[in-house]
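Here is what each chain is made of, one letter per residue.
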Amino acid sequence: MIPDKISPPPTVLTSIIMTLGAYGLLAFTFLHPYVAAVIMALAYSICASSLWPMVSLVVPEYQLGTAYGMMQSIQNLGLALVGYAAGIVSAQYGYFMLSLMFMLWLALSTVSIVLLWAWDAGNGGYLNASPSRRKEMDEEEVQSIMEESEGRRPLISDSSVLDISTSFRAATARELRRKYRTSIEHGAHPQHSQSAEFHRSIAEGASINLGMSYNFTSVANPSILK
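All residue numbers here refer to positions counted from 1 along the written sequence of the relevant chain. Totals for whole chains, interfaces and linings use every residue, but because this is a predicted model, local features are given only for residues with pLDDT of at least 70 and side-chain atom pairs only at 80 or more, for both listing and counting. Just so you know, side-chain values use all the structure's heavy atoms and leave hydrogens and water out.

This brings us to the pattern of salt bridges. Here, a salt bridge means any side-chain nitrogen of Lys or Arg that lies within 4 Å of a carboxyl oxygen of Asp or Glu. Tallied over the full model, the rule gives two salt bridges. Its salt-bridge partner being Arg133, residue Glu136 comes within 3.3 Å of it at the nearest N-O pair. You can see Glu136 and its partner Arg133 sitting in helix α5 (residues 131-150), three residues apart, about one turn around the helix. Summary of the burial criterion: residues with accessible area below 20% of their type's maximum are buried, those above 50% are exposed, and those between are partly exposed, where the area comes from a 1.4 Å probe applied to protein chains only. Residue Glu136 is classed as partly exposed on the basis of its relative accessible area, which comes to 41%. Every helix listed is a DSSP run of H or I at least four residues long, and every strand listed is a run of E at least two residues long, numbered separately from the N terminus.

Spelled out as structure tokens, the structure:
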């Protein structure tokens, strides 16, 4: 429930610090290993509930399957390689060096999440924003898109030049997420909204073809304009 109330980067950083402390207990204290194991379990719960949902905030919905598949593949590769390396280190150098090795990887993870936090803060702060703030940012983007669409030029301008680039602007990741969430909030099935979007694109394409035919015909035979 905590990751649903605050932004993901702080919770991921908290889980990494907790895991780092747990390995410190194993390496430098004589506490029962169950204490460190419980801390690790809590830290992993916090990390998993914050790290994986963070992907859906920055990746378009139609690419989520690919993104999660790549993440799972990289995670499995890391489990295989690190498990093999952990066996070699523990056999040759002991469990103390093994704990230090894991602490080193956790230190690198801490640097990575801090860099991600800083990068997002300098690029709009969408990841660092709370859920309520992200909703406000989505609404502001919707408003800006509506204002932009109202200010677009018509398909056939006075100079008979088609403005295709502005009429068919590629949707951003946040726009695609907003369209999907809006259809869900208003009770529309995603397939219905996709079907409507498909028919709208066909209609717009037909209007463009009609406009292009009109322009080319007028150039070839100016008498039709009289």
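Right, let's talk about the confidence of the model for the protein chain for a bit. Low pLDDT means the predicted coordinates in that region are not meant to be read closely. One confidence number per residue, pLDDT, is output by the predictor and ranges from 0 to 100. Across the protein chain, the average pLDDT comes to 75, with 65% of residues at or above 70. For the protein chain, helix α6 (residues 164-167) is the element with the lowest average pLDDT, namely 45, and helix α3 (residues 64-93) is the one with the highest, namely 92. The contact criterion used throughout is that any non-hydrogen atoms of two residues lie within 4.5 Å. Note that residues 155-170 has pLDDT below 50 and, in this model, 23 contacts with residues that lie over four places away or in other chains. Across residues 212-226, where pLDDT falls below 50, the model places eight contacts with residues more than four positions away in sequence or in other chains.

Mapping Ser15 onto the fold places it in helix α1 (residues 8-28). Since its relative accessible area comes to 1%, Ser15 is described here as buried. Beyond its immediate sequence surroundings of up to four residues, Ser15 is in contact with Ala43, Ile46 and Cys47.

Before going further, it helps to examine the nonpolar core. What is meant by a nonpolar core is a set of buried Ala, Val, Leu, Ile, Met, Phe, Trp, Tyr and Cys residues, joined one to another through side-chain atoms within 4.5 Å. With twelve residues, the main nonpolar core is built from Val12, Leu13, Ile16, Tyr23, Ala86, Val89, Leu98, Met101, Phe102, Met103, Leu106 and Ile113. Contributions of two or more residues to this core are made by α1, α3 and α4 (95-121). In terms of residue count, the dominant contributor to this core is α4 (six residues). Setting aside residues no more than four positions away along its own chain, Leu106 makes contact with Ile16, Thr19, Leu20 and Tyr23. Formed by six residues, the second largest nonpolar core is a distinct cluster that contains Leu57, Leu127, Ala129 and Met137.

Let us look at the environment of Phe28. Secondary-structure assignment places Phe28 in helix α1. Overall, Phe28 belongs to the exposed group, its relative accessible area being 52%. Between the C-alpha atom of Phe28 and that of Ser99, which follows or precedes it by 71 residues, the distance is 9.5 Å. Not counting residues up to four positions away in its chain, the partners in contact with Phe28 are Phe96, Leu100 and Met103.

On to the layout of surface pockets, then. Here a cavity means grid points, on a 1 Å grid over the protein atoms only, where a 1.4 Å probe fits yet cannot get out; a pocket means an open set of points with protein on both sides within 12 Å along at least five of seven lines; lining residues are those with an atom within 4 Å of a point. Grid points are joined across faces, edges and corners, and a volume is the space filled by probe spheres set on the points. What the largest pocket holds in volume is close to 1,300 Å³. Cys47, Leu51, Gln75, Leu106 and Ser109 are the residues nearest the centre of the largest pocket, which is lined by 29 residues in total. Every element with two or more residues in the lining of the largest pocket is listed here: α1, α2 (33-58), α3 and α4. The element best represented in the lining of the largest pocket is α3, accounting for nine residues. We call Asp, Glu, Lys and Arg charged. Ala, Val, Leu, Ile, Met, Phe, Trp, Tyr, Cys and Pro are nonpolar, and the rest, Gly among them, are polar. For the lining of the largest pocket, a count of residues per class yields 22 nonpolar, seven polar and no charged.

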